[in-house]
Amino acid sequence: KYQRLEDLRTDRDLTIRQVADYLGCNRDVYTDMKKGPAAAISIAIRLAELYQVSLDYLVGISDEKRPYGS
């Protein structure tokens, strides 16, 4: 499920450090977030904004990347 975060990051040629810096957290927080459902919703929202995808796509509910209303 969280493979999408890795795929999105590499598709954009971003390093883990760049994403963590964007989120305002350290690498360990970002890496831990990718491991399971304990992710804070605010971080998930920021990631969806960064990658310009819907939250549903980000968490694997939908295969539609576009955010609603786009």
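It should be noted that the structure appears before, not after, this text.
Source: prediction; values computed, not measured.

**Some details on the packing of helix α2 (residues 16–23) against helix α4 (residues 41–51)**
Point 1. Running from N to C, α2 and α4 cross one another at 115°; their axes reach a closest spacing of 10 Å. Once α2 is placed against α4, the crossing between them reads as right-handed. Side by side, α2 and α4 meet where Val19, Tyr22 and Leu23 of the first sit next to Ile43, Arg46, Leu47, Glu49, Leu50 and Tyr51 of the second.
Point 2. Classifying every residue of the contact of α2 with α4 by side-chain character gives 7 nonpolar, no polar and 2 charged.

**Some details on the nonpolar core**
If you look at soluble globular proteins, the nonpolar side chains tend to sit buried side by side.
Point 1. In this structure, Val19, Leu23, Tyr30, Leu47, Tyr51 and Leu58 are the most contacted members of the largest nonpolar core, which totals 18 residues.
Point 2. When contributions to this core are tallied by element, the ones reaching two or more residues are α1 (3–11), α2, α3 (27–33), α4 and α5 (55–58).
Point 3. At 6 residues, α4 tops the list of elements feeding residues into this core.
Point 4. Tyrosine 51 has contacts with Leu5, Leu8, Arg9, Arg12, Leu14, Val19 and Tyr30, leaving out every residue within four places of it along the chain.

**Remarks on α4**
Point 1. Every buried residue of α4 is accounted for by Ile43, Ala44, Leu47, Ala48, Leu50 and Tyr51. Taken end-on, α4 shows its buried residues confined to a sector of 160°, consistent with a single buried face.
Point 2. Looking at the buried residues of α4, the elements they touch are α1, α2, α3 and α5.
Point 3. Two residues or fewer after α4 comes glutamine 52, characterised by a positive phi angle close to 55°.

**Concerning the side chain of serine 62**
Point 1. Take serine 62: it is sitting in the segment after α5.
Point 2. With a relative accessible area of 19%, serine 62 lands in the buried category.
Point 3. For serine 62, the side chain forms a polar contact with the main-chain nitrogen of glutamate 64, separated by 2.9 Å.

**Notes on the pattern of salt bridges**
Point 1. Per the stated rule, a full pass over the model turns up 3 salt bridges.
Point 2. Among the salt bridges present, the one from aspartate 63 reaches arginine 4, with a minimum N-O distance of 2.7 Å. Of this pair, aspartate 63 sits in the segment after α5 while arginine 4 is found in helix α1, placing the two residues 59 residues apart along the sequence.
Point 3. In this structure, glutamate 64 engages arginine 66 in a salt bridge whose closest nitrogen and oxygen atoms are separated by 3.9 Å.
Point 4. Residue glutamate 64 is classed as partly exposed on the basis of its relative accessible area of 42%.

Here is what the cut-offs are and how they apply
Residues numbered from 1 in each chain as written. Predicted model: local features only at pLDDT ≥ 70, side-chain atom pairs only at ≥ 80, totals over all residues. Heavy atoms only, no water. Axes fitted to C-alpha atoms, helices over the stretch in contact; angles between N-to-C directions. Helix = DSSP H or I, 4+ residues; strand = E, 2+ residues; numbered from the N terminus. Left-handed = near helix turned anticlockwise from the far one by under 90°. Contact = heavy atoms within 4.5 Å. Nonpolar A, V, L, I, M, F, W, Y, C, P; charged D, E, K, R; others polar. Core = buried A, V, L, I, M, F, W, Y, C linked by side-chain atoms within 4.5 Å. Buried < 20%, exposed > 50% of the residue type's maximum accessible area, 1.4 Å probe, protein only. Arc of directions from axis to C-beta. Polar contact = N/O pair within 3.5 Å; in protein donor to acceptor, adjacent residues only side chain to side chain. Salt bridge = Lys/Arg side-chain N within 4 Å of Asp/Glu carboxyl O.

By themselves these figures say nothing about function.
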